[in-house]
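# Fold and contact review
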Amino acid sequence: MRRVFPSIVAIVVFAGTLPAQTNEKILSIAFRGTYTTSSKVFNNPDSPSDDMRGQYVALDNIYGPGIELRINIPGQSVALTLAAEYLSKQDESSQLVGFTTPPRLLIVREGFKLIPIELGANVPIPLGSDGVRMSIGGGIGAYIGTRILNVAGADALQQNKPVSYGIHVETNFDYQIFPRLYARAEMRFRDPEFTTESKFAQQATSSNGVLILLPQDPFRARINVNGLTFGMGLVFDLF
C-alpha cells in the first residue's frame, strides 16, 4: 500500500486542477455498515523466539457501523472526507493456557474494539451520468484500540490507551435512488496495528471446581487489523 499511496496523492493533486463535476453537492453525509475480512491477535509480541512472536489468533468477519462527511471544494474536483467507524470482534473457545501449572484447557474469550478516524481526499471519476458517481482517494487515520480478554470468567483490564496512525486507500460507487439520495458501495484498505498492555483484575479464578491462579504482572499483545473493508450504505446530499 505504501507504493500505491503516492500515486493516489498524485491523482488527487492533479484532479484539483480539473473542472468540478456539475452533479456534486457541497456537503454530503453517508451512513454505512462495514465488513472487514480479517485480523490477527499476537499474544507473544515480546518473545525472543521468532516462532512464538509469529503465533497469532485469527479473528475474521468483523462488522460495524460507520459515518462519513464529505465536502466538495467549490470550483475544484477534490472532496475532503472525515470518516469514523466502530469495529468489534470477539470469539470464545477452549484453549490450552500456558500460565497455569500444569497448563490447562480453559474457556478463553478474546477480541478487540477499534475506532478508526480517517481524514482523506477523494477525486471523482467522470462517468457521463448524473445518476451514478465514482471516486477514488486516500488519506491518513488515527486508530484507537482496546483488547478484550477473559480467561475462565476473569477479565484482563487494559492498562494503556494505544492510538496508532496509518494511511488508507478507498474506492466509492454511488447510485442515485432519489434526488439527493444515493446508495453507496465502497472498498477500503488500511493496515492499523496497535499494542496493548493488560492485567488481570483478580488473583485467581476457578474452572470445573479447580482453583486457577492468575498472573499479576502486566502482559502485552499486538493486534493487526489487516483485512479489506467493504461498506454499503446511504448518502444524503445536504446542499
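Now for a quick tour of the structure. (Residues numbered from 1 in each chain as written. Predicted model: local features only at pLDDT ≥ 70, side-chain atom pairs only at ≥ 80, totals over all residues. Heavy atoms only, no water.)

## Observations concerning the side chain of Arg184
Heads up, the rule is: Numbering of helices and strands starts at the N terminus; helices are DSSP runs of H or I of at least 4 residues and strands are runs of E of at least 2. Contacts described as polar in this section are N or O atom pairs within 3.5 Å, which, within protein, must combine one atom able to donate a hydrogen with one able to accept it, while residues neighboring in sequence count only if both atoms come from side chains. Should any heavy atoms of two residues lie within 4.5 Å, those residues are considered in contact.
By the secondary structure assignment, Arg184 is in strand β11 (residues 181-190). Within the local environment of Arg184, its side chain forms a polar contact with the side chain of Glu68, the two groups lying 3.2 Å apart. A polar atom in the side chain of Arg184 sits 2.7 Å from the side chain of Asp174. Contacts of Arg184, omitting those with residues within four sequence positions, involve Ala30, Glu68, Arg70, Asn172, Phe173, Asp174, Gly231, Met232, Gly233 and Val235.

## Things to note about the nonpolar core
Convention followed: Only buried residues count toward a nonpolar core. Its members are Ala, Val, Leu, Ile, Met, Phe, Trp, Tyr and Cys residues joined through side-chain atoms within 4.5 Å. When accessible area is computed with a 1.4 Å probe and restricted to protein chains, residues below 20% of their type maximum are described as buried, those above 50% as exposed, and intermediate ones as partly exposed.
Val97, Leu106, Val108, Leu149, Val151, Ala152, Ala154, Ala156, Phe200, Ile212 and Leu214 together form the largest nonpolar core, which totals eleven residues. Discounting chain neighbours no more than four positions away, the residues touching Leu106 are Ser93, Ser94, Gln95, Val97, Thr100, Val151, Ser207 and Ile212.

## Some words on the environment of Leu59
Position of Leu59 among the secondary structure elements: in the loop between β3 (57-58) and β4 (62-72). Take Leu59: its relative accessible area is 0%, and that puts it in the buried class. Residues Leu59 and Val41, 18 residues apart in the sequence, show an inter-C-alpha distance of 7.5 Å. Each residue touching Leu59, except ones within four places of it in the same chain, is listed here: Ser38, Ser39, Val41, Lys89, Asp91, Glu110, Gly111 and Phe112.

## Description of the packing of aromatic side chains
Stated formally: Pairing of aromatic rings covers Phe, Tyr and Trp, the last through its six-membered ring, and needs centres within 6.5 Å; plane angles under 30 degrees mean stacked, over 60 mean edge-to-face, and all others mean tilted.
Applying the stated criterion across every chain yields a total of four aromatic pairs. Aromatic pair Phe31 and Phe236: ring centres 6.2 Å apart, planes at 70°, arrangement edge-to-face. You can see Phe31 sitting in strand β1 (residues 27-36) and its partner Phe236 sitting in strand β16 (residues 228-237), a full 205 residues away along the chain. Given a relative accessible area of 41%, Phe31 falls into the partly exposed group. Residue classification places Phe236 among the partly exposed positions, given a relative accessible area of 32%. Centre to centre, the rings of Phe200 and Phe219 are 5.5 Å apart; their planes meet at 40°, and the pair counts as tilted. Taken as a pair, Phe200 in strand β12 (residues 193-200) and Phe219 in strand β15 (residues 219-224) lie far apart in primary sequence, 19 residues in all.

What is shown is where atoms sit, not what they do.
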